[in-house]
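Architecture at a glance
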Amino acid sequence: MVNKPKMQRDDQTVSASHPTRNDAKAAKAAAGYGRTGAHAGTGADGTRARANATAATRRVTSGTNVKSVVVSSGHGSLVRGASGYLDEVDEARRIVDLVAEKLRGRDVIVETFHDDTSTSQNQNLETIVKFHNSKSRQLDISVHLNAYVTTSSPMGTECLYKSQSTLSAQMSAAMAEAGRFINRGPKKRTDLYFLNQTAMPAILLEICFVDSLADAELYDEHFEEICDAITMVIHPQATKPRS
């Protein structure tokens, strides 16, 4: 699973108003998984999404056996994410599918989504969010892998949120323990399209760094444990055997 780094982003755009910065946040922003400014949460649709999310914020503040969830992979088959020792799109899809399988085994209602139609960053973001908002659920989750620069050093895992700080802290800690990753912790972000426009409480997982050899090796070694950890944060209580 660990390949030689190809460090390319097929959808990478860095505008004059968003210069490259020396942090992983900038690298991911360049890959196009978040829109800011007027596109982040304004207009009629954005206002409704914010109002609904505000009303729902208190409903999910920790992994208290969520009964329904929508989980999507970041980017798309035609709008690629980051690529290095791991490919973000390919691995995010693996994670989504296995976590969904495990959650269904705990009687959680799960909808999954992988974007195979969008041809631009904006269309990709809108398509993903539209799918989430079309479903009845308690929680929205987007699965990504991070990127910075090619390195052999470990970089770590984190969870991004707008309102779900407790859940994000639990998720980041659980992923770090399961994958033996550095725990970069929960990160509040108010500039990401997915977190702004989904109408229910939402978190965005950054599993590890695709361009870190150490992270990639840990990810491969502990893949199923990582998926188990994500599952148990969402729904800690295993289904009781039926008599």
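Just so you know, these numbers come straight off a predicted model, no measurement behind them. (Residues numbered from 1 in each chain as written. Predicted model: local features only at pLDDT ≥ 70, side-chain atom pairs only at ≥ 80, totals over all residues. Heavy atoms only, no water.)

1. So, helix α6 (residues 165-179)
What counts here: Here a helix means four or more residues in a row that DSSP labels H or I, a strand means two or more in a row labelled E, and each is numbered from the N terminus. Helix span, as expected, comes to 1.5 Å for every residue beyond the first. Any pair of residues with heavy atoms lying within 4.5 Å of one another is described as a contacting pair.
When the terminal C-alpha atoms of α6 are compared, their 21 Å separation across 15 residues agrees well with the 21 Å that a helix rising 1.5 Å per residue should span. In this structure, the buried side of α6 is in contact with β3 (139-146), β4 (157-161), β5 (183-188), β6 (202-209), α8 (213-221) and α9 (223-234). Following α6 by one or two positions, R180 has its phi on the positive side, about 60°.

2. A few points about the nonpolar core
The test is simple: To qualify as a nonpolar core, a set must consist of buried Ala, Val, Leu, Ile, Met, Phe, Trp, Tyr and Cys residues joined through side-chain atoms within 4.5 Å. Only protein chains enter the accessibility calculation, which uses a 1.4 Å probe. A residue is then buried if its area is under 20% of the maximum for its type, exposed if over 50%, and partly exposed in between.
Ranked by size, the top nonpolar core spans 43 residues in total, and within it I95, I207 and I230 carry the most contacts. For this core, the secondary structure elements donating two or more residues are β1 (68-76), α4 (88-104), β3, β4, α6, β6, α8 and α9. Every residue in contact with I95, bar those within four places of it in the chain, is listed here: V143, L145, I207, Y219, F223, C227 and I230. Counting 13 residues, the second largest nonpolar core, distinct from the first, contains F113, F131, F194 and L195.

3. Quick look at the pattern of salt bridges
Worth spelling out the cut-off: Within this document, salt bridges are pairs made up of a side-chain nitrogen of Lys or Arg and a carboxyl oxygen of Asp or Glu, the two lying within 4 Å of each other.
The tally for this structure, following the rule as stated, stands at eleven salt bridges. Residue D140 is joined to R137 by a salt bridge in which the shortest nitrogen-to-oxygen separation is 2.8 Å. Pair check on accessibility: D140 and R137 agree, each one buried. Measuring nitrogen to oxygen at the nearest pair gives 3.7 Å for the salt bridge that ties K187 to E158. Remark: E158 occurs in strand β4 and K187 occurs in strand β5; sequence separation between them is 29 residues. Overall, the relative accessible area of 28% leaves K187 in the partly exposed class. In the salt-bridge network here, residues are joined through shared partners; they are R80, D87 and D90.

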